[in-house]
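Residues per chain are reported as follows:
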Amino acid sequence: METMDNTKSTQNSAVDAPVIEHRQAYGTAKTENLRDSGLWRIILPAFVVICCLVLLAFPMIILTPLFLNSLSADAAANKQGDPITWVWITMVVIELIVIAVIVRGLVKIFMTQADNYRH
C-alpha cells in the first residue's frame, strides 16, 4: 500500500511541474510586405479560360474532319454500305459532356477562388 502512495505522489509532482521551453522570435508579421499587385486575379482566370478553350478545341479538331469525311460518298465505310457517321456524332456528344464537367469544375475552383479575394 505504501508503494502505491509513493508512486502516486511522484506522478502528481511530475504532472504539476511546468515544462520550460526555449522560444525565440525571428520577426513579426509587421515587418513582412503582405501586399500584392492583384495581377494574379487577372492572370489566373485568363489562364483557366485559355485552358478550357484548348480542352474544347483539341477533340473538336480531331473529330470534325473524321465526321466530315464520313459524310462523303467516297468514304470507305460508305462504299461498303456501312456508314459510321453515328460513331462520330456519339463521340462529339460524349466529348462535349466530359469537357462540360471538367470546365464547370475548373470554373468553380479557380474563378470562385479569385473572386473571393476581391476587395
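This structure is a prediction, so every number in the text was calculated from the model and none was measured. (Residues numbered from 1 in each chain as written. Predicted model: local features only at pLDDT ≥ 70, side-chain atom pairs only at ≥ 80, totals over all residues. Heavy atoms only, no water.)

Q: What's the story with the overall build of the chain in this structure? I'm lost.
A: Along the chain, the regular secondary structure elements total four helices and zero strands. The N-to-C order of helical and strand elements in the chain reads α-α-α-α. Approximately 10,400 Å² of the chain is accessible, and the part contributed by carbon and sulfur atoms is 66%. (Helix = DSSP H or I, 4+ residues; strand = E, 2+ residues; numbered from the N terminus. Areas by Shrake-Rupley, 256 points an atom, 1.4 Å probe, with all protein chains shown as cover.)

Q: Is there a simple way to think about the environment of alanine 73 in this case?
A: For alanine 73, the position within the fold is in the loop between α2 (40–71) and α3 (76–79). Expressed as a C-alpha distance, the spacing of alanine 73 and proline 83, which sit ten residues apart in the sequence, is 9.6 Å. Apart from the residues within four sequence positions on either side, alanine 73 is in contact with Asn78 and Lys79. (Contact = heavy atoms within 4.5 Å.)

Q: Any chance you could explain α2 here in plain terms?
A: Between its first and last C-alpha, α2 extends 46 Å over 32 residues, near the 46 Å set by a 1.5 Å rise per residue. Along α2, the sharpest change in direction is near 25° and occurs at methionine 60. The set of residues buried in α2 consists of Pro45, Val48, Cys52, Pro59, Met60, Leu63 and Ser70. (Expected span 1.5 Å × (residues − 1). Bend = angle between axes of the 7 residues up to and from the residue. Buried < 20%, exposed > 50% of the residue type's maximum accessible area, 1.4 Å probe, protein only.)

Q: Explain a nonpolar patch on the surface here, please?
A: A contiguous nonpolar patch, built from Ile50, Val54, Phe58, Ile61, Ile62 and Leu66 and spanning about 580 Å² of accessible area, is present on the exposed surface. Summarising the element assignment, leucine 66 is placed in helix α2. (Patch = residues over 30% accessible without salt bridge, like charges linked within 9 Å, V, L, I, M, F, W, Y side chains within 5 Å. Salt bridge = Lys/Arg side-chain N within 4 Å of Asp/Glu carboxyl O.)

Q: Hey, could you run me through the side chain of threonine 85 in this one?
A: Here threonine 85 lies in helix α4 (residues 85–116). Judged by relative accessible area, which is 16%, threonine 85 ranks as buried. Setting aside residues up to four positions removed in sequence, threonine 85 forms contacts with Phe67, Ser70 and Leu71.

Q: Explain the environment of methionine 111 to me, please; I cannot follow it from the model alone.
A: Looking at the secondary structure, you find methionine 111 in helix α4. Here the alpha-carbon distance between methionine 111 and arginine 41, two residues 70 residues apart in the chain, equals 8.9 Å. Methionine 111 has contacts with Pro45, Val48, Val49 and Leu106, leaving out every residue within four places of it along the chain.

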